[in-house]
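Structure assessment
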Amino acid sequence: MSDNRAVSSTAHTISGSVSTLLDLVLDSSGAGTRVDGFLAELASLTAKELSRPDREVTCGITISRRKQPSSAVGSTGEGSDSIVQIPLLLDDENSAVINLYSPRTDAFSVEDLAVAQQFASDAARALLLALRISQLTESRDNLAAAMQSRTTIDMAIGAIMAQNRCGREAAFKILRNTSNNRNMKIRDIAAMVVASIAGDTDITARFEE
């Protein structure tokens, strides 16, 4: 009877965990820690939610992301006698597994596994949300960097046009040739041109075709 009460109590706690998981997503994305920060917090929350006074549980999470090496956070389960692995259903590009560990033999009952499966279902939705927020943030950062680079290149082209009294196409050709000759990226050459105009560097070389 006591085990049933423990399982019921755990289930009640987990039933209210969706809002906690959402808070973890928002906190990790707001703090700029992205997915890794969320995973660490999720592993800690999972261990806390599934532990009982008579059975300590630790948790590790393994995740595989598109075009990225697999990574793991949380407990490694070293010295554990009971291990449970629960896949998280994410999407076609990402997969994850929650690994539950306990030092006790036969620590997880059928009821425990049912509770863990329900929690994993909630955790999967939260993790997928965290992944999508991370991807959107990364895309935004990349776009901002590209726009900043384009602005710098445009400024440099304008300076070369004025200096050489040439059109935009010819100015870009000059910038590209300089990039090739110096084995540097165009945006870096452009930044040097803009810096020289602003007086931030000693670069005074004239750019020619």
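Now for a description of the structure that goes with this document. (Residues numbered from 1 in each chain as written. Predicted model: local features only at pLDDT ≥ 70, side-chain atom pairs only at ≥ 80, totals over all residues. Heavy atoms only, no water.)

**As for the sheet that holds strand E1 (residues 58–64)**
Pairing is antiparallel across the open sheet formed by 4 strands, whose spatial order is E2-E1-E4-E3. Only two strands of the sheet have a single neighbouring strand rather than two, namely strand E2 (71–74) and strand E3 (82–88). Adjacent strand axes in the sheet meet at a mean angle of 20 degrees, parallel and antiparallel pairs treated alike. Looking at chain direction, E3 and strand E4 (residues 95–102) are connected through 7 bridges and run antiparallel. Note that in E4 the partner of Ile-83 across the bridge is Tyr-101. (Pairing = 2+ DSSP bridges. Helix = DSSP H or I, 4+ residues; strand = E, 2+ residues; numbered from the N terminus. Axes fitted to C-alpha atoms, helices over the stretch in contact; angles between N-to-C directions.)

**Describing helix H5 (residues 168–182)**
The α-helix winds at 3.6 residues per turn, so residues separated by three or four positions along the chain end up facing the same way. Here H5 contains 15 residues, and its C-alpha end-to-end distance of 21 Å stays within 8% of the 21 Å for a straight helix at 1.5 Å per residue. Within the sequence span of H5, burial applies to Ala-171, Ile-174, Leu-175, Thr-178 and Ser-179. One face of H5 carries all of its buried residues, which in axial projection span an arc of 135 degrees. The exposed set on the far side of H5, more than 90 degrees from its buried face, consists of Glu-169, Asn-180 and Asn-181. One or two residues past the end of H5 sits Asn-183, with phi positive at roughly 55 degrees. (Expected span 1.5 Å × (residues − 1). Buried < 20%, exposed > 50% of the residue type's maximum accessible area, 1.4 Å probe, protein only. Arc of directions from axis to C-beta.)

**Section: the pairing of E4**
Along E4, 6 of the 8 residues are buried, which leaves the element largely enclosed by surrounding structure. Both E1 and E4 contribute to a ladder of 7 bridges, which runs antiparallel. Bridge pairing in E4 links Gly-60 to Asn-99.

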